[in-house]
Every structure is written in C-alpha cells, then in structure tokens.
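Given next are the chains, with one letter for each unit.
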Amino acid sequence: MIYDLVFGESHVGGRMGKKLVEMVRPLRGKAKKLPKSERWNFVKRLCDEGGLQFFFAPFATCNPLQASKMRCHNESDTPIWIRKTPNVETREPGLCIGCACAILDKSHEAFWQSRFLEYSLAAKDSEGFSGDKREQFRAITFRADQARQVLRVIGANLEND
C-alpha cells in the first residue's frame, strides 16, 4: 500500500489515508529517481522510521498512529496507554469509516461493493412505504450512500449505480 502511494497513483481515502498521501508527497520525486531494485528498501525504511503498522480488515486498514482518536477504543473507553492495535471487539465498518486511523483503498472495494448492493436493494424495497415504515429504512439508506461514497473515493467504477 505504501509502495503504491509513493510510486503509483493509488486512490486512497480515510483520514489516515489522506495523512499518508501528504506524508509521501514530498518524497515522490526523490523516490522515483531510485533504481527499481532500491524502491522496496526505500519504502521499508520509510515504514520502519515512521513506526508505521497496519492492521487489515475487509472494510478498512488501521494505522494506529493517533491512538487517542481510535474510535474502536473510544467506544469501549480503553485507556490510551494500551491502544497499540485496533479493538477487534468493537471494530466495525460504520465505526472505522470516520476514524482518524482508517485507510481505505482498492483492497476494500469488494466489501464496499457488496455493502452498497445489499443496502441499495433494501432501500429500493422501502420506496413504496410511507411514514414510520419508511423511517425505519433511514439507516439502510445511509449505509448505501456511505458505501457509494467510499467506492467513489477509492476509484471504483460506479457506472451502473
């Protein structure tokens, strides 16, 4: 992922994803001049020196550099000094999507496409309802819209949405 950020044109989203893009932007010129045989070592040093760790899930990648802002730990009131990895008991797509440690990229596309399809179909089924019955589908519509937005951010093809 970091290699693609430095040497490619990855579509990355999430609050931490945006920070990483900003972090590697000044390094791109120098890095692209390196011979291909040195590029992986460059990225390895970058990750090691920056203390970058990644925890992968189908819906987002966590890079816990901002432990005090980890939503999965805030949800469970985990003390700050033990926040080294994501809290797997509270970690879920809706929580991670707005987290300061979240990174979204093409590796998450299948999850978000599936979620978009599932919730879009359910929202479409609610179109004939009115009043309280329609109100019950608000969360479903929100999740469909959220999935659509994630897919746009990571550069997925939404031609037929």
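Bear in mind that the values here come from a model prediction, so they are computed numbers and not experimental data.

(A) Region of interest: the pattern of salt bridges. All told, the structure shown has four salt bridges when counted by the stated rule. In this structure, Glu22 engages Arg25 in a salt bridge whose closest nitrogen and oxygen atoms are separated by 2.6 Å. A relative accessible area of 43% means that Arg25 is categorised as partly exposed. Residue Glu109 is joined to Lys106 by a salt bridge in which the shortest nitrogen-to-oxygen separation is 3.2 Å. Judged by its relative accessible area of 17%, Glu109 falls in the buried class. On the basis of relative accessible area, Lys106 is assigned to the partly exposed category, the value being 42%.

(B) Representation of the packing of helix H7 (residues 109-125) against helix H9 (residues 138-153) within the structure. Here H7 crosses H9 at 145°, and the two axes come no closer than 8 Å. At the point where H7 passes H9, the crossing takes the left-handed sense. Taking contact as the criterion, the partners of Glu109, Trp112, Gln113, Arg115, Phe116, Tyr119, Ser120, Ala122 and Ala123 in H7 are, on H9, Ile140, Thr141, Arg143, Ala144, Gln146, Ala147, Arg148, Val150 and Leu151. Residues that form the contact of H7 with H9 fall into these classes: ten nonpolar, four polar and four charged.

Reading guide: rules and limits
Residues numbered from 1 in each chain as written. Predicted model: local features only at pLDDT ≥ 70, side-chain atom pairs only at ≥ 80, totals over all residues. Heavy atoms only, no water. Salt bridge = Lys/Arg side-chain N within 4 Å of Asp/Glu carboxyl O. Buried < 20%, exposed > 50% of the residue type's maximum accessible area, 1.4 Å probe, protein only. Axes fitted to C-alpha atoms, helices over the stretch in contact; angles between N-to-C directions. Helix = DSSP H or I, 4+ residues; strand = E, 2+ residues; numbered from the N terminus. Left-handed = near helix turned anticlockwise from the far one by under 90°. Contact = heavy atoms within 4.5 Å. Nonpolar A, V, L, I, M, F, W, Y, C, P; charged D, E, K, R; others polar.

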